Amino acid sequence: MGFLQGKRALITGIASQRSIANGIAEAMHRQGAELALTYQNDKLRSRVEDAATEYGAKIVLPLDVSSDAQIDACFAELGQHWTEGFDILVHCIAYAPREAIGGDFLDGLTRENFAIAQDISAYSLAALAKAARPQMRGRNGAILTLTYLGAIRALQNYNVMGVAKASLESTMRYLALNLGPEGTRVNAISAGPIKTLAASGVGNFRKMLGQFEAAAPLRRNITIEDVGNTAAFLCSDLAAGITGEVTYVDAGFSIVG
Ligand code: 0WD
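Please read all numbers here as calculations on a predicted model, not as lab measurements.

**Topic: the overall build of the protein chain**
Helix and strand content of the protein chain: seven helices and seven strands. Secondary structure elements in the protein chain, listed N-terminal to C-terminal, are β-α-β-α-β-α-β-α-β-α-β-α-α-β. The C-alpha atoms of the protein chain give 17 Å as radius of gyration, which agrees with the globular expectation for 257 residues (18 Å, within 12%). Buried residues in the protein chain amount to 46% of all 257 residues. Contacts in the protein chain between residues far apart in sequence, at least 24 positions, make up 73% of those at least 6 positions apart.

Written out as structure tokens, the structure reads:
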């Protein structure tokens with residue numbers, strides 16, 4: 001029996017088979033969780049439906065986090081399926097305009113680019129947690145988001161996304177503080193670089209993968225399976241004492257000076 005048996009998990013952010021969210025869905029399914037998946041737009045719908053078939057997920061809902069109406073509709077519909085609530089919310093969503101995630105930080109900086117990165121990549125975690133709150137309350141559930149080292153270090157090219165990830169990590173801690181008394185834990189995984197659609201927008205990403213592999217103590221890159229397994233653990237009762245934490249799944253890269 002898997003350690004997520006009896007848990008219901010809503011997973012956002014599947015955009016392709018390579019998506020980190022796909023690795024998380026696979027691991028949570030393998031550990032016995034019942035899944036619901038969301039897709040950002042019609043272009044991604046059939047891919048997410050394929051994933052739903054693979055993982056036996058009966059619920060597939062549209063969710064573009066830039067729309068308050070879609071957030072409301074998503075949780076209203078989820079409540080019709082899972083009438084007694086659900087246990088796990090996985091936030092795997094980030095976006096910044098491409099010109100703002102490469103080269104000189106100030107060259108790509110505009111008021112609008114900064115705001116979009118914050119809105120889609122950080123505010124959306126709080127917005128989803130707020131919408132999910134009545135359905136997750138009192139179930140010993142867990143919320144999980146995905147962050148990156150650029151939140152705490154100034155890394156070449158990551159730019160406004162680094163600022164948004166710092167905001168995301170802080171948002172995660174405030175959620176942990178306020179949802180803890182209701183029994184909901186909130187955590188983040190800081191993943192090493194993985195080649196996904198979102199990552200291909202970051203300047204010089206391929207070069208970064210090589211440098212990462214050479215410097216990381218485990219001398220290898222990270223896979224979506226690595227992240228998926230840690231996500232399954234953090235959202236399970238095995239991690240009942242962990243909240244407000246950033247767990248590094250990065251082959252040790254962040255400890256190297
Ligand atoms: O190296 C990496 N790939 C790392 C990713 C290292 C550390 C952290 N992360 C984070 C990302 O910043 C993100 O928060 O992991 C999370 C998942 O990213 P991913 O798996 O690397 O990327 P991807 O497969 O592209 O999924 C991200 C998805 C979007 O994909 P695209 O590429 O189409 O923008 O986030 C979703 C979308 O499906 N997304 C949205 N979903 C709902 N509403 C929105 C939106 N407005 N915007 C983007």
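Now, onward.
**Details of the packing of helix H3 (residues 68-81) against helix H4 (residues 111-136)**
Put simply, H3 and H4 touch, their axes get as near as 10 Å, and they point 25 degrees apart. Put simply, H3 runs roughly parallel to H4. The two elements H3 and H4 cross, and the hand of that crossing is right-handed. Side by side, H3 and H4 meet where Ile-71, Asp-72, Phe-75, Leu-78 and Gly-79 of the first sit next to Ala-127, Leu-128, Ala-131, Ala-132 and Gln-135 of the second.

**Re the confidence of the model for the protein chain**
Should pLDDT be low for a region, the predicted coordinates there are not to be read in detail. For the protein chain, the average pLDDT comes to 97, and 100% of its residues sit at 70 or higher. Scored by ipTM, the complex comes to 0.98, with pTM at 0.98.

**Quick look at the pairing of strand E5 (residues 142-147)**
Burial analysis of E5 places six of its six residues in the buried class, the great majority of the element. Here E5 shows no split at all, with Ala-142, Leu-144 and Leu-146 on one side and Ile-143, Thr-145 and Thr-147 on the other all buried. Taken together, the four bridges between strand E4 (residues 88-91) and E5 define a ladder with parallel strand orientation. Counted as the bridge partner of Val-90 is Leu-144 from E5. Handedness of the crossover is the feature at issue here: the chain leaves E4, passes through H4, returns alongside E5, and the resulting connection is right-handed. Relative to strand E6 (residues 185-191), E5 is paired through six bridges, and the arrangement is parallel. From the neighbouring strand, Thr-147 faces E6, where its bridge partner is Ser-190. At this point the chain moves from E5, through helix H5 (residues 159-179), to the parallel E6, and the crossover so formed is right-handed.

**Side note on the UniProt feature "binding site: substrate" (unreviewed entry) in the protein chain**
In this numbering, the UniProt entry assigns the feature "binding site: substrate" (unreviewed entry) to Ala-96. Along the chain, Ala-96 turns up in the loop between E4 and H4. In this view, Ala-96 contacts Ile-101, Asn-113, Ile-116, Ala-117, Ser-121, Val-160, Met-161 and Ala-164; residues no more than four positions away in its chain are not counted.

**Section: the UniProt feature "active site" (unreviewed entry) in the protein chain**
Under the UniProt annotation, the feature "active site" (unreviewed entry) is placed at Tyr-148 and Tyr-158. When residues no more than four places from it in sequence are discounted, the contact partners of Tyr-148 are Lys-165, Ser-190 and Ala-191. Positionally, Tyr-158 belongs in the loop between E5 and H5. Sequence-distant contacts of Tyr-158, that is, excluding residues within four places in its chain, are made with Ile-101, Gly-150 and Val-202.

Rules used throughout
Residues numbered from 1 in each chain as written. Predicted model: local features only at pLDDT ≥ 70, side-chain atom pairs only at ≥ 80, totals over all residues. Helix = DSSP H or I, 4+ residues; strand = E, 2+ residues; numbered from the N terminus. Rg over C-alpha atoms; globule rule 2.2 N^0.38 Å. Buried ≥ 20, exposed ≤ 12 C-beta atoms within 10 Å, placed from the backbone. Contact = placed C-beta atoms within 7 Å. Axes fitted to C-alpha atoms, helices over the stretch in contact; angles between N-to-C directions. Parallel < 35°, antiparallel > 145°, perpendicular 65-115°, else oblique. Left-handed = near helix turned anticlockwise from the far one by under 90°. pLDDT = per-residue confidence, 0-100. Pairing = 2+ DSSP bridges. Right-handed = clockwise from strand over helix to strand, strands pointing away. UniProt positions renumbered as here; feature names shortened; annotations may be inferred.

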